[in-house]
Amino acid sequence: MHVVTRFAPSPTGALHLGSARTALFNWLFARHHHGTFLLRIEDTDRERSTETSVQAVFDGLKWLNLTWDQEVVFQFSRAAMHVTAAHQLVEKGKAYYCYATPEELDQMRAEAKAKGLPPRYNGLWRNRSPNEAPSGVRPVVRLKMPQQGATHVDDLVQGPVTVSNAQLDDMVLLRSDGTPTYMLSVVVDDHAMGITHVIRGDDHLTNTFRQLQLYEALGWTPPQFAHIPLIHGADGAKLSKRHGAVSVDSYRTLGYLPEAMCNCLLRLGWGHGDDEIIAREQAIAWFDIAHVGKAPARFELARLDHLNAHYMRAIPDAELAERLKPFLAISLNEKQHQRLLKSLPSLKQRTKTLIDLAKMATPYLTEAPLCYTTEALEVLYSPGNRAIIDGIFPLLAASTWTAVALETTLREFTEAKSIGFGKVAQLLRWALTGCKVSPGIFEVLEALGQSESLARLQSACDPKGG
Ligand code: GLU
């Protein structure tokens, strides 16, 4: 069988982590089976669908590198096809016009409630002739659900699930304004697009029984279903804004790499033994529905941080530099670019996100004289410290510029003056970077190069605040 999956978001807001994970699972499943992954924008809710949200889906998928095959399908543009399917069902006697008034529907709801049942339609027009239609009422079209028996799904994640058909009322296919409902559109589109596997959140499981009845009425073979548990926050509650950032875009802005995000999403509900770090190619080779868990997965930021730190170290420096550029406040000239490349091997060992990395890299990229913070100025102005910088300056000016030679120079100086090596190293750090924390001082000296290091030491002797 040629596998065809789809991601079918409703463009009514940002692309959430849960939706992104659904997209990833569909994408991986298709790629694993050398199949096709389609994108369908479910924009039939005209009031809530926005162009910005459509763009957020495109941007999010592109960022995550989840490329879809074929043209994007916009569901609203296919409404005529959905309407035709409903009319065919009416002609075959499998659906009917319902002229129930709002008051009658209210009454049905009240009756169901009084019996402790969920609100449901009682079949008022199921066997009535449209000749009895009251004038001035625009009908809806309802599916004639079977009233006996049960509907069964062998869900690839949830296992076998059955509901009694008595629980499925005659659902609306076309609204009174003639527009198709989600239930109808999704079935007609999945069939027309040749979808073989529907992988989606388990909040859609209850829809599946109704959709299966619609497939049955239309005489179509349904796809296989896999309903994946929703994502929860670290506290075990359903992931929501309360837990912090929930959109893919916010993680991008916070400086996470798409590789880390995908790896993290993959591990939310799917596993391969104890493997934590699973890069793209490996994920394609290993992904299967059988190892999707039934319990909700918990999203933990610490895990994403850990993965991000890993991928930042794994990416070649030249590429990491490119990815870092949008996070830097300045655009780099060639000299700064080279300095960045030199500093990355040590900086990336110490940072978790591109934002952290950009912050740590900034002192390497600015030109002397530095603008020091008050905290830095207090250190640099202290008289003893000033004398140390004055003393070491000529030695550094005369030193060979390698880590080994610089270390020897510094040790000779500290021993001769009986000053702690750590104290001098920390003072140089303040002078050279304006920061309290940086990579090892010799790495800093090497990354900056001799002339920039000396220029900064000079500026530290006559420091300016910023
Ligand atoms: N548009 C639906 C949603 O965003 C998904 C429908 C489906 O996957 O069948 O929740």
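Structure's up top.
Residues numbered from 1 in each chain as written. Predicted model: local features only at pLDDT ≥ 70, side-chain atom pairs only at ≥ 80, totals over all residues. Heavy atoms only, no water.

**Q** Would you explain the overall build of the protein chain in this entry?
**A** When helices and strands are tallied, the protein chain shows 19 helices and 14 strands. Against the compact-globule benchmark of 23 Å for 466 residues, the protein chain has a radius of gyration of 32 Å, which places it well outside the compact range. Overall, the C-alpha framework of the protein chain stretches about 105 × 45 × 40 Å when taken along its three principal axes. A burial count over the protein chain gives 49% of its 466 residues as buried. (Helix = DSSP H or I, 4+ residues; strand = E, 2+ residues; numbered from the N terminus. Rg over C-alpha atoms; globule rule 2.2 N^0.38 Å. Buried < 20%, exposed > 50% of the residue type's maximum accessible area, 1.4 Å probe, protein only.)

**Q** In this structure, what is going on with the site of the ligand? I would like to understand it.
**A** Inspection of the region around the ligand gives Arg 6, Ala 8, Pro 9, Ser 10, Glu 42, Tyr 182, Val 186, Arg 200 and His 204 as its neighbouring residues. Contacts to the ligand include Ser 10, whose side-chain N or O atom sits 2.8 Å from a nitrogen atom. A distance of 2.6 Å separates a nitrogen atom of the ligand from a polar side-chain atom of Glu 42. With the chains in place, 79% of the 300 Å² that the ligand exposes on its own is no longer accessible. Each residue belonging to the shell around the ligand can be placed in one class, and the counts come to four nonpolar, two polar and three charged. (Near = heavy atom within 4 Å. Polar contact = N/O pair within 3.5 Å; in protein donor to acceptor, adjacent residues only side chain to side chain. Areas by Shrake-Rupley, 256 points an atom, 1.4 Å probe, with all protein chains shown as cover. Nonpolar A, V, L, I, M, F, W, Y, C, P; charged D, E, K, R; others polar.)

**Q** I would appreciate a short explanation of the packing of helix H8 (residues 258–266) against helix H10 (residues 301–314) in the present structure.
**A** In helix packing, the relevant descriptors are the interaxial angle and the interaxial distance, both defined with respect to the helix axes. Contact pair H8 / H10: the axes reach a minimum separation of 8 Å and the direction vectors enclose 135°. Judged on the interaxial angle alone, H10 and H8 are oblique. As H8 packs across H10, the resulting crossing turns out to be right-handed. Residues Glu 259, Ala 260, Met 261, Asn 263 and Cys 264 of H8 pack against Leu 304, Leu 307, Asn 308 and Tyr 311 of H10. Looking at the contact of H8 with H10 residue by residue, the class counts come to six nonpolar, two polar and one charged. (Axes fitted to C-alpha atoms, helices over the stretch in contact; angles between N-to-C directions. Parallel < 35°, antiparallel > 145°, perpendicular 65-115°, else oblique. Left-handed = near helix turned anticlockwise from the far one by under 90°. Contact = heavy atoms within 4.5 Å.)

**Q** Is there a simple way to explain the packing of helix H3 (residues 79–91) against helix H5 (residues 182–192) in this structure?
**A** For the pair H3 and H5, the least separation of the axes is 9 Å and the interaxial angle reads 105°. The pairing of H3 with H5 is recorded here as roughly perpendicular in orientation. In contact with Met 81, His 82, Ala 85 and Ala 86 of H3, H5 contributes Leu 184, Ser 185, Val 188, Asp 189 and Ala 192. When the residues that make up the contact of H3 with H5 are grouped by side-chain class, the tally is six nonpolar, two polar and one charged.

**Q** Would you mind showing me how to read the nonpolar core here?
**A** Side chains of a nonpolar character, in soluble globular proteins, are inclined to be buried together. With 101 residues, the main nonpolar core has Phe 25, Leu 266, Phe 287, Phe 299, Leu 324 and Leu 340 as its most contacted residues. The element contributing the most residues to this core is helix H1 (residues 17–32), with nine residues. Excluding anything up to four places from it in sequence, Phe 25 contacts Ile 199, Ile 228, Leu 265, Leu 266, Leu 268, Trp 270, Phe 287 and Val 292. Counting residues in each nonpolar core, the second largest holds 33 residues, with Val 153, Leu 168, Ile 195 and Val 198 among its members. (Core = buried A, V, L, I, M, F, W, Y, C linked by side-chain atoms within 4.5 Å.)

**Q** For this particular structure, what's the right way to read the pattern of salt bridges?
**A** Side chains bearing opposite charge may pair, as long as their charged atoms lie close to each other. One pass over the structure, following the stated rule, counts 26 salt bridges. Across the pair Arg 6 and Asp 190 runs a salt bridge, and its minimum N-O distance is 2.9 Å. Pair noted here: Arg 6 is in strand S1 (residues 4–7) and Asp 190 is in helix H5, with a separation of 184 residues, a long-range link. Residue Arg 6 is classed as buried on the basis of its relative accessible area, which comes to 4%. Here the salt bridges do not stand alone but share partners, grouping Arg 6, Arg 40, Glu 42, Arg 78, Asp 189 and Asp 190 into one network. (Salt bridge = Lys/Arg side-chain N within 4 Å of Asp/Glu carboxyl O.)

**Q** Help me understand the packing of aromatic side chains, please; the structure alone is not making it clear to me.
**A** Taken as a whole, this structure holds seven aromatic pairs when the rule is applied. Taken together, a centroid distance of 5.1 Å and an interplanar angle of 55° make the contact between Phe 25 and Phe 287 tilted. Taken together, the residues Phe 25 in helix H1 and Phe 287 in the loop between helix H9 (280–286) and strand S12 (297–298) connect sequence positions 262 residues apart. Residues Phe 25 and Phe 287 agree in their burial class; the two are buried. Three or more aromatic residues joined by ring pairs form one cluster here, namely Phe 25, Trp 270 and Phe 287. The ring of Tyr 121 is capped by Arg 142, whose NZ or CZ atom sits 3.6 Å from the centre of that ring. Note that Arg 411 overlies the ring of Phe 421, its terminal NZ or CZ placed 4.0 Å from the centroid. (Phe/Tyr/Trp six-rings, centres within 6.5 Å; stacked < 30°, edge-to-face > 60°. Lys NZ or Arg CZ within 6 Å of the ring centre and 35° of its normal.)

**Q** What is the right way to read the sheet that holds strand S5 (residues 140–143) from this model?
**A** Pairing between the strands of a sheet is mediated by backbone hydrogen bonds and can be parallel or antiparallel. One open sheet accounts for three strands, arranged S4-S5-S8; its pairing is antiparallel. A strand with exactly one partner marks an edge of an open sheet, and here the two such strands are strand S4 (95–98) and strand S8 (172–174). Averaged over all pairs of adjacent strands, the angle between strand axes in this sheet comes to 40°, irrespective of strand direction. By the bridge criterion, two bridges tie S5 to S8 in an arrangement that is antiparallel. By the bridge assignment, Val 141 is partnered in S8 with Leu 174. (Pairing = 2+ DSSP bridges.)

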